[in-house]
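Chains, contacts and geometry: an overview
Okay, here's what each chain looks like letter by letter:
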Amino acid sequence: MPKLDQRLLDQLRRRDSEALHAIVDEHARRLYRAARGMGFTVVEAEDLSQDVLVTFIESLDRFEGRAEVATWLFGILHHKARERYRSRAREELNDPIETVFEAQFDERGSWIRPPVAPDRAASARQARDAIRECVDGLPPLQREVFQLRQVEELSAAEAGNVLAQTVTHIGVLLHRARMRLRACLERKGWMY
Amino acid sequence: MLTCIEVSTLVSTGGLDDAPLMRKLGVVLHLAMCRHCRAFRRQVAAIGRAVRELNAAYEAEPPSGFEAAVVQRVLR
């Protein structure tokens, strides 16, 4: 991901219009998409993505050009999203979805009921509504990790920086999110 | 020899990226021999694809003046 060069950083600190347009054009829609992916409505996501960029510009004095702009912006988005969640369930140390996952293997670690590869042609079109409902059912932190790793394509280390989690725990949360989505799609008859 | 639960966990956590070379090789070998774990990996990939397509639709939602409105708010 691109870093901010010193010249652009100076221009942004002076609120240079051209520099502002460049940074907004590059990141606003991506922030909006991430906010929507995290479960915010159209209106909330629009307001939230604007709010993130305003905060970014206002906090430029603390921003070191060495950091990735996108990682910094997603960090602001994460904090603002947390402020807006009415209630945020704590991420439990032991998630029952892991027991569901482990129950699919015998004592030698082999599949008891082997998974079936999805039909690629039919999958995406038919799954749209099902997947939307299943994503809505994810706990907030798992949903954020899934969004950052799977959609925004941040590395585990970058996602860890954004969410203040270790790389190992990001892996655990991604695994839980994926297994929860898989179990949900199985219940809906989309995945076997 | 890695087991199915070890391989599928590595696939699902994304832990393969940072795994030592020998472990990566072990996973590649296991996947070459185990159609069940290959099916699981395809399921994980299909879920990712479906969510990315959902998000692509989100990206198209803001109206054309969205970016200009953001700049206006920043300059306010």
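Just so we're clear, the structure is a prediction, and the values are computed from it rather than from any experiment.

Scoring rules and cut-offs
Residues numbered from 1 in each chain as written. Chains lettered and ligands numbered in written order. Predicted model: local features only at pLDDT ≥ 70, side-chain atom pairs only at ≥ 80, totals over all residues. Helix = DSSP H or I, 4+ residues; strand = E, 2+ residues; numbered from the N terminus. Rg over C-alpha atoms; globule rule 2.2 N^0.38 Å. Buried ≥ 20, exposed ≤ 12 C-beta atoms within 10 Å, placed from the backbone. Contact = placed C-beta atoms within 7 Å. Core = buried A, V, L, I, M, F, W, Y, C linked by C-beta atoms within 7 Å. Domains from an automatic or database assignment. Arc of directions from axis to C-beta. Nonpolar A, V, L, I, M, F, W, Y, C, P; charged D, E, K, R; others polar.

**Focus on the overall build of chain B**
The helix and strand tally for chain B stands at four helices and zero strands. The helix and strand sequence of chain B, counted from the amino end, reads α-α-α-α. The C-alpha radius of gyration computed for chain B amounts to 20 Å, which surpasses the reference 11 Å derived for 76 residues by more than 25%, pointing to a less compact arrangement than a globule. Viewed in the frame of its principal axes, chain B has a C-alpha envelope of about 60 × 25 × 15 Å.

**Comments concerning the overall build of chain A**
Looking only at helices and strands, chain A has nine helices and zero strands in total. In chain A, the succession of α and β elements from N to C terminus is α-α-α-α-α-α-α-α-α. Going through the 192 residues of chain A one by one, you find that 39% of them count as buried. Sequence separation of at least 24 residues holds for 65% of the intrachain contacts in chain A that already meet a minimum separation of 6.

**Examining the nonpolar core**
Residues and elements named next belong to chain A. Grouped together as the largest cluster of nonpolar side chains are 64 residues, with contacts concentrated most on Leu31, Ala35, Leu53, Leu73, Leu77, Val145 and Ala159. Mapping this core onto the domain boundaries places at least three of its residues in each of domain 1 (6-84) and domain 2 (96-187). For Ala35, the residues in contact, after removing those within four places along its chain, are Phe40, Ala45, Leu48, Ser49 and Leu77.

**Concerning helix α4 (residues 66-75) of chain B**
The complete set of buried residues in α4 of chain B reads Val70, Val71 and Val74 of chain B. Buried positions in α4 of chain B, seen along its axis, are confined to an arc of 100 degrees and lie on one side of it. Lining the buried residues of α4 of chain B we find α2 (17-37) and α3 (42-58) of chain A.

**A few points about the domain arrangement of chain A**
Taken as a whole, chain A is organised into domain 1 (6-84) and domain 2 (96-187). Computed from C-alpha coordinates alone, the two centres of domain 1 of chain A and domain 2 of chain A are separated by 27 Å.

**Observations concerning the interface of chain A and chain B**
Residue-level contacts link 48 residues of chain A with 37 residues of chain B. Those elements giving two or more residues to the side of chain A that touches chain B turn out to be α2, α3, α6 (120-136), α7 (140-151) and α9 (167-187) of chain A. Here the side of chain A that touches chain B gets 10 residues from one element, more than from any other, and that element is α2 of chain A. Its residues assigned to classes, the side of chain A that touches chain B shows 26 nonpolar, nine polar and 13 charged.

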